[in-house]
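# Analysis of the macromolecular model
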Amino acid sequence: MALVLGPHILGARIVVDGRGSGRELDANRKKSVDLRGAFDSTADAARGLTGTLVGLAGALGAGGVSFGLGQAIQNAAKFETGIARIQTLLPQGQSAVRMYGKEIEDLARRSGTAAGDISDVFYESLSAGVNPARLSGFTDSIMKAAVGGFADPKIVTDVVTSAMSNWKLTAGEATRITDVLSTAANIGKTTIQELGSSMGTVAPIASTLGASLQDVSATLAVATLKGIRTAEASTALRAAFTAVMNPSAQAAKLAKELGINFSESAIKSMGFGHWLEELAQKTKGSATAMGTLMGSSEATGLMLKLTASDGVTAFKSALEQMDASAGLTQRNYETVMNTWERRTAKMSESFSRLMRNVGKAIMNEIGGGPEKITSRLDSMADKAEDIVHRIV
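Small disclaimer: the values here were computed from a predicted structure and weren't measured. Note that residues are indexed from 1 along each chain, following the sequence as it is written. Owing to the predicted nature of the model, reporting of local features is limited to residues with pLDDT of at least 70; listing and counting of side-chain atom pairs is limited to 80 or more, with chain, interface and lining totals taken over all residues. Each side-chain value is worked out from all heavy atoms of the structure, with water and hydrogens disregarded.

## Looking at the overall build of the protein
Secondary structure follows DSSP: runs of H or I at least 4 residues long count as helices, runs of E at least 2 residues long count as strands, and numbering of each begins at the N terminus. The helix and strand inventory of the protein stands at 21 helices and three strands. In the protein, once contacts between residues fewer than 6 apart in sequence are set aside, the share between residues at least 24 apart is 68%. When the accessible surface of the protein is totalled, it reaches about 19500 Å², and 52% of it is carbon and sulfur. Note on definitions: a residue-residue contact is assigned when non-hydrogen atoms from the two residues lie within 4.5 Å. To measure how exposed things are, a 1.4 Å probe is used in the Shrake-Rupley method; for residues, cover is taken only from the protein chains shown.

Shown next, in the form of structure tokens:
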């Protein structure tokens, strides 16, 4: 059974049979125009790129494995570029390959995720200020949350680093953050992906007011149970917090009449949950009162749902579940990793790793090959007009 190495590179392809070794070089030349003299030197250089592959076929045997030479080199080059991106963020003297190359490939193999996606997480995390010494463990937490929550790793990275920045948390608390988000996704009609895409809308003002990550996550979860979409709930909560920070004259007057401490300091001192209970008790479900306090229809609608009796109960229950959520990210990850789809994804990534390593070996063997071919192609391009004149 043949091991086929393709696709065509500069008109050449190599076919290697596992029972022996053979080579087929097929030049794609137009019958009507013979540019043999112009292209021979370039084709010779291209053929040199494939020479070391004959021995590879013997090592692999007649297993019928087929892969593209160009794809192998492309995979290796893409991985190399991903590592180079990480390198640009490291202090001089530190090597991204030595520090993270193996960790990226190991994590890709364990999670069945493309190594390129994981190197992107490493890069984005470093960009967000994660300590290089904590990067491998941090990325492991991100990938477990992404796999277990069926989410884009980049979005999970963004929401976790945003939470760290706004609530002054550390990289060592990444799993705690993803446990909270996973709980919110379980409680509400939302996902980690949606929470990650929406959290940035409200996180800065929430943390300024003293509302915690758990407060915000619980609010968004309950809001989605009440029929508000995650993104809309996030926008509405930001509007509510803005109303508290900068109350209108009418809102300040009504709050005083009702005995509500409607201020930033109140949420900070009481905690968002207790402040929400007081708001529920004093407004007594009045849409008019809530509208005056909040000022916008979005904020009013959200706060009416949260301060209803079942809303307050649901909010408290969500907070309790978040307090007891340790280990949820890991459990979700293990559940998903046991599925056939993820198991075959691991197999696919192992094959991708083989291709990367083959491509890397070829690139090392080639050395300056691309530059030589580029130089010859440039020379041919400069002489293209003369070549056409000679033929025509």
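So, next bit.
## Notes on the nonpolar core
Among the nonpolar cores identified, the biggest contains 84 residues, and Phe241, Trp275, Met294 and Met303 are the most heavily contacted of them. Setting aside residues no more than four positions away along its own chain, tryptophan 275 makes contact with Val244, Asn261, Phe262, Ala266, Ile267, Met270, Met294 and Met303. In this description, a nonpolar core means a group of buried Ala, Val, Leu, Ile, Met, Phe, Trp, Tyr and Cys residues linked to one another through side-chain atoms lying within 4.5 Å. Each residue gets one of three labels from its accessible area relative to the maximum for its type: buried under 20%, exposed over 50%, partly exposed in between, using a 1.4 Å probe on protein chains only. By size, the runner-up hydrophobic cluster in this structure holds six residues, among which are Ile73, Met355, Val358 and Ile362.

## Some remarks on the side chain of aspartate 120
Following the sequence through the fold, aspartate 120 ends up in helix H5 (residues 115-127). Ignoring any residue separated from it by four or fewer positions in sequence, one finds aspartate 120 in contact with Arg85 and Lys154.

## Focus on the environment of threonine 219
Tracing the sequence through the fold places threonine 219 in helix H10 (residues 213-225). A residue is classified by how much of its surface remains accessible, and threonine 219, at 1% relative accessible area, is buried. Along the primary structure threonine 219 and alanine 233 are separated by 14 residues, whereas in three dimensions their C-alpha atoms are 8.2 Å apart. In contact with threonine 219, other than residues within four places in its own chain, are Leu237, Phe272, Leu306 and Phe315.

## Section: H5
Here the expected span of a helix is defined as 1.5 Å times the quantity of residues minus one. The terminal C-alpha atoms of H5 lie 18 Å apart, and with 13 residues this matches the ideal 18 Å at 1.5 Å per residue to within 8%. Residues Ala115, Ile118, Ser119, Asp120, Val121, Phe122, Tyr123, Ser125 and Leu126 constitute the buried set of H5. Immediately beyond the C-terminal end of H5, within one or two residues, lies glycine 129, with a positive phi of roughly 100°.

## Digging into the packing of aromatic side chains
Classification of ring pairs uses Phe, Tyr and Trp, with its six-membered ring standing for Trp, and accepts pairs whose centres are within 6.5 Å; under 30 degrees between planes counts as stacked, over 60 as edge-to-face, and the remaining range as tilted. Scanning all chains against the criterion turns up five aromatic pairs. Measuring from ring centre to ring centre gives 5.5 Å for phenylalanine 241 and phenylalanine 272, while their planes differ by 70°; the resulting arrangement is edge-to-face. Pair noted here: phenylalanine 241 is in helix H11 (residues 230-245) and phenylalanine 272 is in helix H14 (residues 272-283), with a separation of 31 residues, a long-range link. Each member of the pair, phenylalanine 241 together with phenylalanine 272, is buried.

## So, unusual backbone geometry
Of note, the phi angle at lysine 168 is positive, near 55°, even though the residue is not glycine. Of note, lysine 168 is situated in the loop between helix H7 (153-167) and helix H8 (174-187). Its relative accessible area of 70% is what places lysine 168 among the exposed residues. At lysine 284, a residue that is not glycine, the phi angle is positive and equals roughly 55°. Along the chain, lysine 284 turns up in the loop between H14 and helix H15 (287-294). The exposure class assigned to lysine 284 is exposed, which follows from its relative accessible area of 73%.

## A short note on the packing of helix H12 (residues 249-258) against H15
As a rule, the C-alpha atoms of each element are fitted with a line to give its axis, helices using only the stretch in contact, and angles between N-to-C directions run from 0 to 180 degrees. At a closest axis distance of 7 Å, the pairing of H12 and H15 adopts a crossing angle of 130°. When the interaxial angle is binned, H12 and H15 end up oblique. By crossing handedness, the relation of H12 to H15 is classed as left-handed. Contacts from Gln250, Ala251, Leu254, Ala255 and Leu258 in H12 reach Ala289, Thr292 and Leu293 in H15. Relative orientations are named as follows: roughly parallel for angles under 35 degrees, roughly antiparallel for angles over 145 degrees, roughly perpendicular for angles from 65 to 115 degrees, and oblique for any other angle. Crossing chirality is assigned from the near helix's rotation relative to the far helix, an anticlockwise turn below a right angle marking it left-handed and a clockwise turn marking it right-handed.

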